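Reading the structure
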Amino acid sequence: MAEHKTIAIILAAGKGTRMVSKLPKVMHPVANQPMIGHVLTATAKLMPSKTFVIVGPGMSEVSSFVKPHKTVLQEKRLGTADAVKTAMPMIADTEAETVLILYGDTPLIRSGTLQKMLQARSSGATLVVLGFRPNHPGSYGRLKLNKEGCLEAIIEANEATAAELEIGLCNSGVMAVDASQLGVLLAEVGNDNTKGEYYLTDIVALARLRGMECGVVEASAEELIGVDDRAALAEAEYTWQMARRTRAMQEGVTLCDPGTVWFSSDTDIGKDVVIGPNVVFGPGVSIADNVEVRAFSHLEGVRIEEDVTVGPFVRLRPGAVLKKGSMVGNFVEVKNSVLDKGSKAAHLSYIGDADIGEKTNIGAGTITCNYDGFNKNRTVIGKSAFIGSNTALVAPINIGDGAVVGAGSAIEADVAKDALALSRAKQINLPGRAHALRKKLVTQKTSIKNQKKSED
Ligand code: UD1
């Protein structure tokens, strides 16, 4: 089936009461991306001609996030069939052959699985349901198959007999339906059931009554985890991270302690990269080949080129760019700054809003004073410069190529190319005065002790 002949509808109008949150459920993140973002990514790989997201009232965060995809408002939460119905006017005049219905709260769904469903549709089934076998089927709808193994009906747990509840094959909620039949089937769905809702699942039995073929594609329970509360959210995160760690290792990344490395959905890592224990990748990190990120480092919004060493205990914040062969060592924080090729900040520094030239060395304890309480200002340091330890660079400031700044300086004026800048107080040495000072202090201490004794 040509992929452009599919329309996707993602249901997300549920209140998510059990999340106990002001944030709509589908906006809760897995791997630093809202759950619905994961579903949209998996769906996009099928190249549907249109994707609609069904939202409830007061879900403007969802509408903004899913743009340019359109959201359709389901005024009242009357059930999954009603949710799909709200989108029907949008798809009435399209040439879509299949409507793919997904849930916004199943973030681990894979595009390969969805592709299998479309293939099953193209081989003749009017309707294909994605099934799975959870350890505890509980409240999931049960997939009732006939003797030939074809799907006959989905029985909601609330409506099921004891024998039907024994069925292990469950409904994930994902369905691929013939677009020309969906409206007809939905029109026949009633709400005469224990919940008084319009169940989308009823369309299977309705399709069978009309002699239509209904199929099942199975996927793993892990992939189809639905997030209803924070415990399930943590489980989805854990499962996602485990899979990502495995993929990283398969793609040439060494993880010294895989279980302690946390990725984001968009983390991009090259080959022969070594990641130490307890490293966290926030959103927007890209790392080229042959990089080492040592233990306890936190990276977000960072681009790292080849042959760079980071950490241990480094914080790289948005806008940090570490060019080829540069190095950032322990207890260094870098924000919105470029460290050019071969430059180094090995210890205990804050580098914010700065451009550090090629092969420049930033001494221990150097601070770029980038904020004056009102504005952020830039520090620009040329090539092969040397900034001595414990230097405060008060921005805006320019330090020329090859310049040297003496340790302990507070630099407020620009330093020219190849100049030496010193701004600390001049040192005075007084011969023998240390001995005299000690003697004076000992005498003072003894007289205080004697005075106390006589008072007692
Ligand atoms: C549904 C299925 C059940 C399946 C289970 C898988 C039905 C009747 N039952 O049950 O067979 O095993 O999912 O998780 O479909 N939603 C709306 N509008 C509504 C109602 C729901 O958009 O009016 C959305 C929710 O946001 C959610 C999804 O539909 O993303 C499923 O709704 P939910 O109430 O969780 O369905 P279940 O009762 O769990």
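Residues numbered from 1 in each chain as written. Predicted model: local features only at pLDDT ≥ 70, side-chain atom pairs only at ≥ 80, totals over all residues. Heavy atoms only, no water.

Focus: the domain arrangement of the chain
- Each assigned domain of the chain is listed here: domain 1 (6-218) and domain 2 (247-421).
- The C-alpha centroid of domain 2 is placed 47 Å from the C-alpha centroid of domain 1.
- Taken residue by residue, the interface counts four residues in domain 1 and six residues in domain 2.
- Overall, the association of domain 1 and domain 2 removes approximately 270 Å² of surface from exposure, summing both partners, and the carbon and sulfur fraction of that is 47%.
- On the domain 1 side of the contact with domain 2, Ala 31, Asn 32 and Gln 33 bury the most area, a combined 96% of that side's loss.
- The interface formed by domain 1 and domain 2 contains zero salt bridges.
- By residue class, the composition of the side of domain 1 that touches domain 2 is one nonpolar, three polar and no charged. (Domains from an automatic or database assignment. Contact = heavy atoms within 4.5 Å. Buried area = accessible area lost by both parts, 1.4 Å probe. Salt bridge = Lys/Arg side-chain N within 4 Å of Asp/Glu carboxyl O. Nonpolar A, V, L, I, M, F, W, Y, C, P; charged D, E, K, R; others polar.)

Quick word on the site of the ligand
- Lining the immediate surroundings of the ligand are 20 residues, of which Gly 14, Gln 74, Thr 80, Glu 156 and Asn 171 lie closest.
- The backbone of Gly 14 places a nitrogen or oxygen atom 2.7 Å from an oxygen atom of the ligand.
- The protein chains hide 88% of the 740 Å² of surface that the ligand would expose on its own.
- Of all the elements in the fold, those that place two or more residues in the shell around the ligand are helix 3 (80-91) and strand 10 (170-178). (Near = heavy atom within 4 Å. Polar contact = N/O pair within 3.5 Å; in protein donor to acceptor, adjacent residues only side chain to side chain. Areas by Shrake-Rupley, 256 points an atom, 1.4 Å probe, with all protein chains shown as cover. Helix = DSSP H or I, 4+ residues; strand = E, 2+ residues; numbered from the N terminus.)

Some thoughts on the nonpolar core
- Counting 54 residues, the largest nonpolar core has Ile 275, Phe 281, Ile 287, Leu 299, Ile 304, Leu 316 and Ile 399 as its most contacted members.
- Listing elements by their share of this core, those giving two or more residues are helix 8 (230-250), strand 12 (253-255), strand 14 (273-275), strand 16 (285-287), strand 19 (302-304), strand 22 (320-322), strand 28 (354-356) and strand 34 (397-399).
- The biggest single contributor to this core is helix 8, with five residues.
- A domain split of this core shows at least three residues from each of domain 1 (6-218) and domain 2 (247-421). (Core = buried A, V, L, I, M, F, W, Y, C linked by side-chain atoms within 4.5 Å. Buried < 20%, exposed > 50% of the residue type's maximum accessible area, 1.4 Å probe, protein only.)

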